[in-house]
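Below, each chain spelled out in residue letters.
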Amino acid sequence: MSATHAPVSPVPVPPQRSVKDLRLGESGTICCLQDPEMALKLLEMGCIPGTQVRLNSRAPLGCPITLVVGEAADYTLSLRVSEAATILLKE
């Protein structure tokens, strides 16, 4: 007796959210920085893993965006959307 196995379909994994995916007023916690070339610049600007960020505003055409960085609303940072896309958020 032989058992036949149905092919196992891979479970789709949702893409990890980034800062560019935040809605206005929504907050998230930085998980990691995706682009090694951009990482140093973002680290210097305070985008450190574990830091909370909140999307503050978007320009009329969607870029740039402003983020409030830090739980105590330490400061506001303006980034291009392409730069924000490299900042991944914790689930």
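Keep in mind that this is a model prediction, so the values were computed, not measured. (Residues numbered from 1 in each chain as written. Predicted model: local features only at pLDDT ≥ 70, side-chain atom pairs only at ≥ 80, totals over all residues. Heavy atoms only, no water.)

A look at the pairing of strand β3 (residues 65-69)
Reasoning step 1: With five of five residues buried, β3 is to be regarded as a mostly interior element.
Reasoning step 2: What you see with β3 is no split at all: Ile65, Leu67 and Val69 on one side and Thr66 and Val68 on the other are buried throughout.
Reasoning step 3: Linkage of strand β2 (residues 52-58) to β3, two consecutive antiparallel strands, is achieved through a turn of six residues, within which Gly62 is found at a positive phi near 95°.
Reasoning step 4: Where β3 folds back on strand β4 (residues 75-79), the antiparallel hairpin that results is connected by five residues, among which Gly70 adopts a positive phi of roughly 100°. (Buried < 20%, exposed > 50% of the residue type's maximum accessible area, 1.4 Å probe, protein only. Helix = DSSP H or I, 4+ residues; strand = E, 2+ residues; numbered from the N terminus. Pairing = 2+ DSSP bridges.)

Quick look at the side chain of Thr86
Reasoning step 1: Its place among the elements puts Thr86 in the loop between α2 (81-84) and β5 (87-89).
Reasoning step 2: Note on Thr86: relative accessible area 11%, which makes it buried.

Some thoughts on the sheet that holds β5
Reasoning step 1: Spatially, the five strands line up as an open sheet ordered β4-β3-β2-β1-β5, and their pairing is antiparallel. In this open sheet, the two strands that pair with only one neighbour each are β4 and β5. Looking at each pair of strands side by side, their axes are set apart by 45° on average, direction ignored. (Axes fitted to C-alpha atoms, helices over the stretch in contact; angles between N-to-C directions.)

Description of the environment of Gly70
Reasoning step 1: Within the secondary structure layout, Gly70 lies in the loop between β3 and β4.
Reasoning step 2: The sequence separation of Gly70 and Glu37 amounts to 33 residues, and the corresponding C-alpha distance is 23 Å.
Reasoning step 3: Excluding anything up to four places from it in sequence, Gly70 contacts Thr51 and Gln52. (Contact = heavy atoms within 4.5 Å.)

Here's the deal with the UniProt feature "domain: Ferrous iron transporter FeoA-like" (unreviewed entry) in the protein chain
Reasoning step 1: What UniProt calls "domain: Ferrous iron transporter FeoA-like" (unreviewed entry) maps, in this numbering, to residues 17-91.
Reasoning step 2: Helix makes up 17% of residues 17-91 and strand 36%, and the two end C-alpha atoms of the span are 8 Å apart. (UniProt positions renumbered as here; feature names shortened; annotations may be inferred.)

Some remarks on helix α1 (residues 36-44)
Reasoning step 1: What α1 keeps buried is the set Met38, Ala39 and Leu42. Looking down the long axis of α1, one finds its buried residues gathered within 115° of arc, a one-sided arrangement. Among the exposed residues of α1, those pointing more than 90 degrees away from its buried face are Glu37, Leu40 and Glu44.
Reasoning step 2: Check the buried side of α1 and you find it contacts β1 (27-33), β4, α2 and β5.
Reasoning step 3: One side-chain oxygen of the residue at the start of α1 lies 3.0 Å from the amide nitrogen of Glu37, identifying that residue as Asp35.
Reasoning step 4: Gly46, located one to two residues past α1, shows a positive phi value of around 95°. (Arc of directions from axis to C-beta. Polar contact = N/O pair within 3.5 Å; in protein donor to acceptor, adjacent residues only side chain to side chain.)

Digging into unusual backbone geometry
Reasoning step 1: Here the residue pair Cys63 and Pro64 is connected by a cis peptide bond, since its omega of 5° sits within 30 degrees of zero.
Reasoning step 2: With respect to the helices and strands, Pro64 occurs in the loop between β2 and β3.

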